[in-house]
Amino acid sequence: MSQQMSPVNSSNRRGFLVRVIQATHAAIGATLAFIVGGAVVAPSLGRRESQWLHAGDVTQLAEDVPMPVTLRIARPDGASEVVERRVVYLVRSGDRVRALDSTCTHLGCRTKFNAESMQIECPCHGGVYDSAGRVISGPPPAPLAAMATRIENDQIMVQV
Amino acid sequence: MVGRLLAWLDSRTGYRSLVKLALDEELPPGTGWTFTTGSVVTMLVGCQFVTGLGLAMYYVPAPSLAYDSVRFIMQDLPIGWLVRGLHYWGASFLVVAAVIHLLRVFLLGSYKAPREVTWLSGVLMLLVILAFALTGYLLPWDQKGYWATTVTINIARSSPLAGEFLASVMRGGPDLGALTLGRWFSAHVFLLPATLTVLIVAHIALMRKHGISGPVAPAPGAGVAFFPRHVAKDTVMMAAVFASLIAVAALVVAPLDEIANPADASYIPRPEWYFLSLFQMLKYFPGPLEPVATMVIPGMVVGFLLLLPFIDRGEGRHPLRSPRRMLTAALAAIGIGVAVLTGLGVADLPAGKDPNDWGLLPIAGHAIATADGNTCAACHESGGPAAPLEITRLTKDEEWLLAHMADPVAIAPGVRSAGDPAPAPVMSRFKAQAVVAYLRREQAGHRAPQVEPSQRLAALTYAESCVVCHRISGEGGTLGPDLTHVGVRRDAAGIKAVIEDAPEMYGETEMPAFRDRLTPEQIDALASYLASRK
Ligand code: FES
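The structure reproduced in this document is the subject of the present report.

Analysis parameters
Note that residues are indexed from 1 along each chain, following the sequence as it is written. Both sets of labels track the order of writing: A upward for chains, 1 upward for ligands. With the structure being a predicted model, the display of local features is reserved for residues of pLDDT at least 70 and the display and counting of side-chain atom pairs for 80 or more, all residues being used for whole-chain, interface and lining totals. In computing side-chain properties, one takes all heavy atoms of the structure into account and sets aside hydrogens as well as water. Put simply, DSSP marks the helices as runs of H or I at least four residues long and the strands as runs of E at least two long, and each gets a number from the N terminus on. Values of the radius of gyration come from C-alpha atoms, whereas the globule rule sets the reference at 2.2 Å times the count of residues to the power 0.38. Two residues qualify as a contact provided that any one of their heavy atoms is within 4.5 Å of a heavy atom in the partner residue. Neither His nor the chain ends contribute to the count of charged residues, in which Lys and Arg are positive and Asp and Glu negative. Think of each charge as sitting on NZ of Lys, CZ of Arg, CG of Asp or CD of Glu. Any two strands between which DSSP finds at least two bridges are classified as paired. Throughout, the accessible surface (probe 1.4 Å) given up by two parts as they are put together, summed over both, is called the buried area. Salt bridges are defined as contacts in which a side-chain nitrogen from Lys or Arg sits within 4 Å of a carboxyl oxygen from Asp or Glu. The definition of a polar contact used here is a pair of N or O atoms within 3.5 Å, where within protein one atom must be able to donate a hydrogen and the other to accept one, and adjacent residues in sequence count solely through side-chain atom pairs. In this classification, the charged set is Asp, Glu, Lys and Arg, the nonpolar set is Ala, Val, Leu, Ile, Met, Phe, Trp, Tyr, Cys and Pro, and all remaining amino acids, among them Gly, are polar.

1. Some thoughts on the overall build of chain A
So, step 1. Looking only at helices and strands, one finds one helix and eleven strands in chain A.
So, step 2. Over its C-alpha trace chain A gives a radius of gyration of 30 Å, far above what one expects of a compact globule, namely 15 Å for 160 residues.
So, step 3. Expressed as a percentage of contacts within chain A between residues at least 6 apart in sequence, the contacts between residues at least 24 apart total 46%.
So, step 4. Side-chain charges of chain A comprise 16 positive and 14 negative groups, with the mean position of each set lying 17 Å from the other.

Shown next, in the form of structure tokens:
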């Protein structure tokens, strides 16, 4: 048995060995990166689940007068939990009930319903909406966001 | 394109000569597989760093959230359980690999001059790795970690002179709590990794400075090229160990005990296996002799390791020939001592709470919590004032939970002043205790077993009448005998006779007769369940 090899043969062998070494290290690294990277990225891919919450009773709503109600939305927040409070306006027109998110569409302030003027007003930059959520004046670029609603035996359910 | 970019990078940084410097080394002839142990240790350290980075993104070092954040990693985060599994089992792999590396260096006499400092840095690294294991153990804030840490700190306290002060520094105050967790976390993720990194760099630089020691007897022939010949062997070993680690982590889910309960002094601490020998030794040196087990013997072992290259100054490197024979015998004695103590420790391990043996109390709690018309769901519902139970976390201590269940409106126990009329409890304290026991099991990730109606009746009866004195599967009082294995001692008829009228059976006894306090159905259900506990 001779240890000698032709120069071509030995450099081939060396090249092969180098490639196997590189491939193995890459495989170890990729496995770790997949597992840890997966755990790092996973929460970013999750969607928030929507839920239907009870918001009030149809019979309590006066025609076309927005009524603010506070919804409590509990959701897990990583390792902890939060209960968010979100104010929505319930507006009844005939037997149709709409739910408007009270968040101003300009820069996100909380709007207020003014019972005297029958308008929804934003304290931050003077945005004004009518009782159906349409912009009357001021900077807001869009009407108040409407949320899905459904009525079961006079009980109003809102999707958040 | 890539080639030109790299060529440009090289012209500006000269990285290729650095790579060449790192890889071009000629190893002594005969250098083979035994010299791959160090690479395996390095790979495992890298693995711990990467998985630790992932865990640190989710872990919260505060007693109220630490446990829930680990639970979140294990249960809610996709493949979070595998990341923690790799980190958890990786710690054991690392301890084993480091010890094997140390043994290899010892057996081949590789620490001899001029490599004394390389050896010292290695022994320090082993200590740092053990410190990692120790600090990491506390972080999940479960029963196991909490009580094992209590023991560790008590060991430090037993050291002469500054023991009390040392313990107080380790705890960050007089009690084991939030401040302890904060500093152990900081040590685990900042101090120790930085220390280990410096030591690894020094260790490898020193190894290159002095070269590899090579086989004991110089082999004839030409040297071995480090790259790629030896690196190929390193790579094979690293891949094999990595694959085994992945397999273990995937097959055996890293355990998580119930949430730490400082009030439960009856919990018997169990250290991780690599500290078991130390823990076991404590049992043979009671009272004033304790420092012998906690300080003297471990100190002698570490001292022996540190001094080794200075004691062993002869020429010969063969472990079984003089002058090294005695040292090999000494190390073997240490190894056997550790192995025997570990074995005794394993045999002595107390039977803990078996997560699959629910006993009766948690079953009663489950029955109460899920019964029709239970009051929890009145507030804990979607859209209600409190989060639904599925997402509610156990961040409060047991006292708070018990007070809250008895009087759900009182958010803080004790807020009602003495003059206020006491509210009628919504749930009796007995029931609340059972519900807390159930919640702890459930939060530790164990599913409630399906039980027969008679066992449910037995559970509810036990939770009202027996739990104060009798313990089953780690839950309940200790005034009376532990009933975990009562079925071995008595059959159903015998148990029934005791429950009905203990004074008649035993004469003088604390246990009252239950014949008139319980219904015959309750007594039968209890007796038949208890008789089945073998
Ligand atoms: S945020 Fe409401 S007007 Fe600007």
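There is more to say, and it comes next.
2. Quick look at the sheet that holds strand β4 (residues 96-101) of chain A
All names here are of chain A.
So, step 1. Taken in spatial order, the four strands make up an open sheet running β2-β3-β4-β9, and their pairing is antiparallel. Every interior strand has two partners, whereas the edge strands, β2 (67-77) and β9 (146-147), have only one.
So, step 2. When β2 meets strand β3 (residues 80-93), the two strands line up antiparallel, connected through eleven bridges. Counterpart to threonine 70 in the pairing with β3 is valine 87.

3. Description of the interface of chain B and chain A
So, step 1. Each side of the interface is counted separately: chain B has 35 residues, and chain A has 28 residues.
So, step 2. A buried area of about 2,700 Å², summed over both sides, lies between chain B and chain A, and 78% of it is on carbon and sulfur atoms.
So, step 3. Here chain B is connected to chain A by zero salt bridges.
So, step 4. Joining chain B to chain A, the criterion identifies three residue pairs in polar contact (both at pLDDT 80 or more).
So, step 5. Of all elements in the fold, only α3 (37-56), α4 (63-76), α5 (80-107) and α10 (226-251) of chain B reach the threshold of two or more residues within the side of chain B that touches chain A.
So, step 6. Sort the elements by how many residues they give to the side of chain B that touches chain A and α10 of chain B lands first, with ten residues.
So, step 7. Among the residues forming the side of chain B that touches chain A, the class breakdown is 24 nonpolar, eight polar and three charged.

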